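What the coordinates show
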Amino acid sequence: MQLPSSGADSGSLRELWSHFQEAIQQRVQPEQFETWFRRTALKRVDGDSVELAVQNAFSRDWLESYYRDAVEESLFSILGARLAVCFTVDEELTLVEREPPAPSEPMTNGTSARGEVARGGPPGSPGLPPSIGRPAHETAAALSSGNGGGLLVNSDVVLNPKYTFDNFVVGPCNRFAHAAAMGAGESPGKAYNPFFLHGSVGLGKTHLLQSVCFTVLERWPRTRILYLSCETFVNHFINALENGDLAEFRHKYRNVDLLVVDDIHLLANKERTQEEFFHTFNTLYNAGKQIVLSSDSPPKDIPTLQDRLVSRFKWGLVTEVEAPCYETRMAIVKRKSRERGCEIEDEVAQMVAERIETNVRELEGAVTKLIGYSRLTGRTIDGSLAKEALRDVFEVRRGQPSMDDIIQAVIEQFGVKLSDLQSKKRTASVTYPRQVAMYLARRITRHSLEEIGGFFGGRDHSTVLYAVDKISGLIVDDAPSRGVVEDLLGRLGTGELR
Ligand code: ADP
Ligand code: MG
């Protein structure tokens, strides 16, 4: 074909465009063509470059990242010349946007992707932005296009193959969260977007988040997943600001099919990062990409979280995992021991399930200890072995005040409510008792910093460490504080301050 000269008239542009469309259709899947090229326009051609316009920055970045080669090859095939291609945004293109085919229209290539995605849920729910109800084939295309899916290298975890829905023990405390997570995994970008999971530490949030990733990858192996802790998002953002590569940062975060951010509550008090996350969220959400978030508390309780983020986090589904009841704890102990190739008898499982009440990670730790101790000593796991192996867990119960005892004493001493101690409130009348309780827990119990944080609304270990340091300082420098702590130690029957 003849190469149009600089400033080619609209007739030759149209002709070139029509040839280009044929050529590109031979190189991409029909649904990819519909999603990415149908609403693209040929803006300008000259002797050595071609400009293609798209409606928004997201499409431009996507084409740039995943279709540049196909575009260049297509142009070469019809023009016989290698031209530099540039993609630009022309918002007015929306004016001539072609209606996407109705959802009932058959797929031209008969792929199963459409059916698979469509099955998951109704096309759009009242009160939600229209992108949720975008045609299934678009979602499928968006999820399956791009080179090399899977967990992206920028992710900061390697998926743990044990964190699947199958390995998750379901009980009344987490039934809904489990079902909803499955829904998000089976119908990404449609059923629950964003999917917001909250709950205390060690209750299976990360497990469920990774299960969503496995489900999506099983169905659409080419899905590009970015899985990050919130901390990594914050750090990447700060680095990008410092190094002046915000464009690259944005490109990385906005060109994914599924964004998972674990522990999003760490956005608290980070205004600029919240701002950036807001835009990342919008871009992905508007493109029908699935967003999955976990947090130690519901959106409204994350301190200083901007209202617009709070409201966006509630657009999809907010659900909680609660501490497991006794029966679920029993089932978890049995399951975890079976996973480790060992059957623990009921009597021992009961001892463990009765004593470890609030944290599945601890339950798991107890099972690991039991099995390790049994293999080390060559003894079978029975009640007496359990008492030896789990001496620290059991002794705390018998002799030492437990976490509950400490909390009870603090509540009585200060006249605060348990819900306040566990809330995000930061008024002095709540913060001080909470810090004293954390200090006592650290001093008296064998709980780790992380576990102690878990008792107080899922705070992280650094918050607990700060509280312990602060109160340790006060009992040296501040007589009233020293008096309060001495009273409490007396009340708990654990001796005096040295
Ligand atoms: P969180 O992210 O809420 O702090 P995790 O997902 O890291 O908690 O869970 C801690 C450990 O407990 C993991 O090893 C996880 O597999 C396990 N776990 C939590 N809940 C369950 C459950 N319902 N069934 C099986 N394992 C669970
Ligand atoms: Mg976690």
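Just so it is clear, the model here is predicted, and its values are computed rather than measured.

1. Focus: the overall build of the protein
Check the secondary structure of the protein and you find 23 helices and nine strands. Of the contacts formed within the protein by residues at least 6 apart in sequence, a portion of 74% connects residues at least 24 apart. Counting every atom, the protein has about 22,600 Å² of accessible surface; 49% of that belongs to carbon and sulfur.

2. Concerning the side chain of K289
Tracing the backbone shows K289 in the loop between α11 (271-286) and β8 (290-295). Since its relative accessible area comes to 1%, K289 is described here as buried. A polar contact is formed between the side chain of K289 and the side chain of D257, at a distance of 3.2 Å.

3. Overview of the sheet that holds strand β6 (residues 224-229)
The strand order across the open sheet formed by six strands is β4-β6-β7-β8-β5-β9, and the pairing between neighbours is parallel. Strands with a single pairing partner mark the edges of an open sheet, and in this sheet they are β4 (150-151) and β9 (317-320). Pairing analysis gives four bridges linking strand β5 (residues 195-198) to β9, with the strands arranged parallel. Within the sheet, the bridge partner assigned to F195 lies in β9 and is L317. Here helix α9 (residues 230-243) sits on the sheet in contact with β6 and β7 (258-262), set at roughly 95° to β6.

4. Observations regarding the pairing of β6
Most of β6 is tucked away, with five of its six residues classed as buried. For β4 and β6, the ladder comprises two bridges, and the chain directions are parallel. The partner of L151 across the bridge, within β6, is I225.

5. Some words on the sheet that holds strand β2 (residues 49-54)
In any sheet, the strands associate via hydrogen bonds between backbone groups, in a parallel or an antiparallel arrangement. With mixed pairing, three strands are arranged side by side in an open sheet as β1-β2-β3. The open sheet has two free edges, formed respectively by β1 (41-45) and β3 (84-89), since each of these has just one partner strand. For this sheet the average axis-to-axis angle between neighbouring strands, irrespective of direction, equals 25°. Two strands pair when backbone bridges link them, and β1 and β2 are joined in this way by four bridges, in the antiparallel orientation. Within β2, the residue paired with V45 across the bridge is V50. In this fold helix α3 (residues 57-66) packs onto β2 and β3, with an angle of close to 160° to the strand it touches most, β3. On top of the sheet, helix α4 (residues 68-79) reaches β2 and β3; it is set at about 125° to β3, its chief contact.

6. Topic: the site of ligand 1
Around ligand 1 there are 17 residues in total, and V169, G202, H207, R361 and E364 lie nearest to it. In this structure, L203 approaches ligand 1 through a main-chain N or O atom, which is 3.2 Å from an oxygen atom. Calculation on ligand 1 without its partners gives an accessible area of 560 Å², and the protein chains cover 95% of this total. Mapped onto the shell around ligand 1, the elements with two or more residues apiece are α8 (205-219) and α15 (360-377). Residues of the shell around ligand 1, tallied by class, amount to six nonpolar, seven polar and four charged. If you count residues domain by domain, the shell around ligand 1 takes at least three from each of domain 2 (136-320) and domain 3 (326-394).

7. Describing the nonpolar core
The biggest cluster of nonpolar side chains holds 48 residues, and the ones touching the most others in it are F195, L208, V260, I344, V352, L370 and I381. Beyond its immediate chain neighbours, meaning those up to four positions away, V260 contacts L209, C213, I225, L226, Y227, L228 and V292. Counting residues in hydrophobic clusters, the runner-up holds 31 residues, among them V256, L267, F281 and Y285.

8. Thoughts on the packing of aromatic side chains
Taken as a whole and judged by the stated rule, the model has 15 aromatic pairs. Aromatic pair F281 and Y285: ring centres 5.7 Å apart, planes at 10°, arrangement stacked. Highlighted residues: F281 and Y285, both in helix α11, separated by four residues, approximately one helical turn. Y285 gets classed as buried once you look at its relative accessible area, which sits at 1%. A centroid spacing of 6.2 Å and a plane angle of 55° characterise the contact between F281 and W315, whose relative ring orientation is tilted.

Reading guide: rules and limits
- Residues numbered from 1 in each chain as written.
- Chains lettered and ligands numbered in written order.
- Predicted model: local features only at pLDDT ≥ 70, side-chain atom pairs only at ≥ 80, totals over all residues.
- Heavy atoms only, no water.
- Helix = DSSP H or I, 4+ residues; strand = E, 2+ residues; numbered from the N terminus.
- Contact = heavy atoms within 4.5 Å.
- Areas by Shrake-Rupley, 256 points an atom, 1.4 Å probe, with all protein chains shown as cover.
- Buried < 20%, exposed > 50% of the residue type's maximum accessible area, 1.4 Å probe, protein only.
- Polar contact = N/O pair within 3.5 Å; in protein donor to acceptor, adjacent residues only side chain to side chain.
- Pairing = 2+ DSSP bridges.
- Axes fitted to C-alpha atoms, helices over the stretch in contact; angles between N-to-C directions.
- Near = heavy atom within 4 Å.
- Nonpolar A, V, L, I, M, F, W, Y, C, P; charged D, E, K, R; others polar.
- Domains from an automatic or database assignment.
- Core = buried A, V, L, I, M, F, W, Y, C linked by side-chain atoms within 4.5 Å.
- Phe/Tyr/Trp six-rings, centres within 6.5 Å; stacked < 30°, edge-to-face > 60°.

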